[in-house]
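Fold and contact review
One letter stands for each residue in the lines below.
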Amino acid sequence: MRIRYKLLIGYSIVFILSISMGSAFIYYLVRENIKRNIESELNNTTNAILNLVQTSAAVSIKNRLRAVAEKNLELVQYHYNQFRQGILTEKQAQERVASLMLSQTIGESGYIYCVDSSGVVKVHPQKALLNTNVSDHAFVRDQLKLKKGYIEYDWKNPGETQ
């Protein structure tokens, strides 16, 4: 074989090997970059969906509790009007309202309770707490100040671990 062909074959092999190695290196870098971008997008999308679900759940809970409170206010007003019209005595109206309030549950272990404007418990499922002043609790003071609205607070019911 002539030297010309030997050089051509030699240079061609070196050129093909260089192009192949360069292509493999670029492929590896591009693949890793695409993989990182996909993982980042998946994480961002997952976090966005999680935030959306948490926000939706929080809004749903607030709306549910607001609806319960508004309905209970209507029940109290109805029984108060029954008392004012002389259809019920004050004690009968209070007993019926308390019975209706205590028949409701919030979640698995929650309950309805009522305090008057000075923080004295008027309706509670634990009879021992009736007519006790609970205004020393910060959330009760917040309720008394706010009068209307929504307050979240941490509370552990007796017998619960958290």
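Residues numbered from 1 in each chain as written. Predicted model: local features only at pLDDT ≥ 70, side-chain atom pairs only at ≥ 80, totals over all residues. Heavy atoms only, no water.

Thoughts on helix α2 (residues 90-102)
End to end, α2 covers 18 Å across 13 residues, agreeing with the expected 18 Å (1.5 Å per residue, within 8%). Within the sequence span of α2, burial applies to Ala93, Val97, Ala98 and Met101. One side of α2 holds all its buried residues, which, seen down the axis, span an arc of 130 degrees. (Helix = DSSP H or I, 4+ residues; strand = E, 2+ residues; numbered from the N terminus. Expected span 1.5 Å × (residues − 1). Buried < 20%, exposed > 50% of the residue type's maximum accessible area, 1.4 Å probe, protein only. Arc of directions from axis to C-beta.)

What to know about the packing of aromatic side chains
Going through the model one piece at a time under the given rule, you end up with two aromatic pairs. When the ring of Tyr80 is compared with that of Phe83, the centres are 6.2 Å apart and the planes differ by 45 degrees; the resulting orientation is tilted. On the criterion of helical spacing, the pair formed by Tyr80 and Phe83 is a turn pair, its members being three residues apart in helix α1 (residues 3-84). When the ring of Phe139 is compared with that of Tyr153, the centres are 3.9 Å apart and the planes differ by 10 degrees; the resulting orientation is stacked. Of the two residues, Phe139 sits in helix α3 (residues 138-146) while Tyr153 sits in the segment after α3, which places them 14 residues apart along the sequence. Judged by relative accessible area, Phe139 falls into the buried class, the value being 13%. (Phe/Tyr/Trp six-rings, centres within 6.5 Å; stacked < 30°, edge-to-face > 60°.)

Considerations on a nonpolar patch on the surface
Taken together, the side chains of Phe25, Ile26, Tyr28, Leu29, Val30, Ile34, Ile38 and Leu42 define a hydrophobic patch exposed on the protein surface, amounting to about 800 Å² of accessible area. Among the structural elements, Tyr28 can be located in helix α1. (Patch = residues over 30% accessible without salt bridge, like charges linked within 9 Å, V, L, I, M, F, W, Y side chains within 5 Å. Areas by Shrake-Rupley, 256 points an atom, 1.4 Å probe, with all protein chains shown as cover. Salt bridge = Lys/Arg side-chain N within 4 Å of Asp/Glu carboxyl O.)

A look at the pattern of salt bridges
One pass over the structure, following the stated rule, counts three salt bridges. Salt-bridge contacts for Arg31 lead to Glu32; the nearest nitrogen and oxygen are separated by 3.5 Å. Classification of Glu32 as partly exposed rests on a relative accessible area of 21%. Between Lys91 and Glu95 there is a salt bridge, with its nearest N and O atoms 3.4 Å apart. Taken together, the residues span about one helical turn, with Lys91 and Glu95 both in helix α2 at a distance of four residues.

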